[in-house]
Amino acid sequence: MNWDNLSLVILAAFGCLTLLLTQVSEVLAKLPQIIRAWRQVRNELRNGAPDAGPTLTTRDERSAEDRDSGARDADTASGEG
């Protein structure tokens, strides 16, 4: 092994070490957020979701709701509702 190969191996090793340390620091920086999110998930599973957000509806369900609300609006406008 000559000096060129040795210096390339050392550079590669330090590059890998730098990459590893960077990744570890990123994970450690996000760890408090991950712990908070995990606690929130556990609390919601234990106590039930306090505020269920809007549910996702398909395009067909939305168009059916629009048709129904249009029918109700027409009924109330004519005085039947």
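This write-up is about the structure you can find in this document. A quick note: this is a predicted structure, and the numbers were derived from the prediction, not measured.

## Concerning the overall build of the protein
In terms of helices and strands, the protein carries two helices and zero strands. Here the protein holds 81 residues, and the buried ones make up 0% of them. Accessible area for the protein stands at about 7600 Å²; split by element, carbon and sulfur atoms hold 60% of it.

## Thoughts on helix α1 (residues 3-47)
In this model α1 runs 65 Å from its N-terminal to its C-terminal C-alpha over 45 residues, within 8% of the 66 Å that 1.5 Å per residue would give. Most pronounced at L31, the bend in α1 amounts to some 45 degrees, and the proline P32 follows within four residues. Positive phi shows up at G48, right after α1, with a value of about 85 degrees.

## Here we look at a positive patch on the surface
On the surface, a cluster of positive charge is contributed by R36, R39, R42 and R46. By the element assignment, R36 lies in helix α1.

Scoring rules and cut-offs
By convention here, each chain's residues receive numbers from 1 onward along its written sequence. Whole-chain, interface and lining totals are the exception, using all residues; otherwise, since this is a predicted model, local features are given only for residues with pLDDT of at least 70 and side-chain atom pairs are given and counted only at 80 or more. The basis for the side-chain values is all heavy atoms of the structure; hydrogens and waters are excluded. In DSSP terms, a helix is any run of H or I states spanning at least four residues, a strand is any run of E spanning at least two, and both are numbered starting from the N terminus. Residue exposure (1.4 Å probe, protein chains only): buried if accessible area is under 20% of the type maximum, exposed if over 50%, otherwise partly exposed. Residue burial considers only the protein chains on display, and all accessible areas are found by Shrake-Rupley using a 1.4 Å probe. Working rule for helices: expected span equals 1.5 Å times residues minus one. For a residue, the bend is simply the angle between two axes, fitted respectively to the seven-residue segment ending there and the seven-residue segment starting there. Within the patch definition used here, like charges are joined within 9 Å and nonpolar side chains (Val, Leu, Ile, Met, Phe, Trp, Tyr) within 5 Å, considering only residues with over 30% relative accessible area and no salt bridge. In what follows, salt bridge is the name for a side-chain nitrogen of Lys or Arg lying within 4 Å of a carboxyl oxygen of Asp or Glu. Residues counted as positive are Lys and Arg, residues counted as negative are Asp and Glu, and His and the chain ends are not counted. In this description, the location of a charge corresponds to atom NZ of lysine, CZ of arginine, CG of aspartate or CD of glutamate.

Structural measurements only, silent on function.
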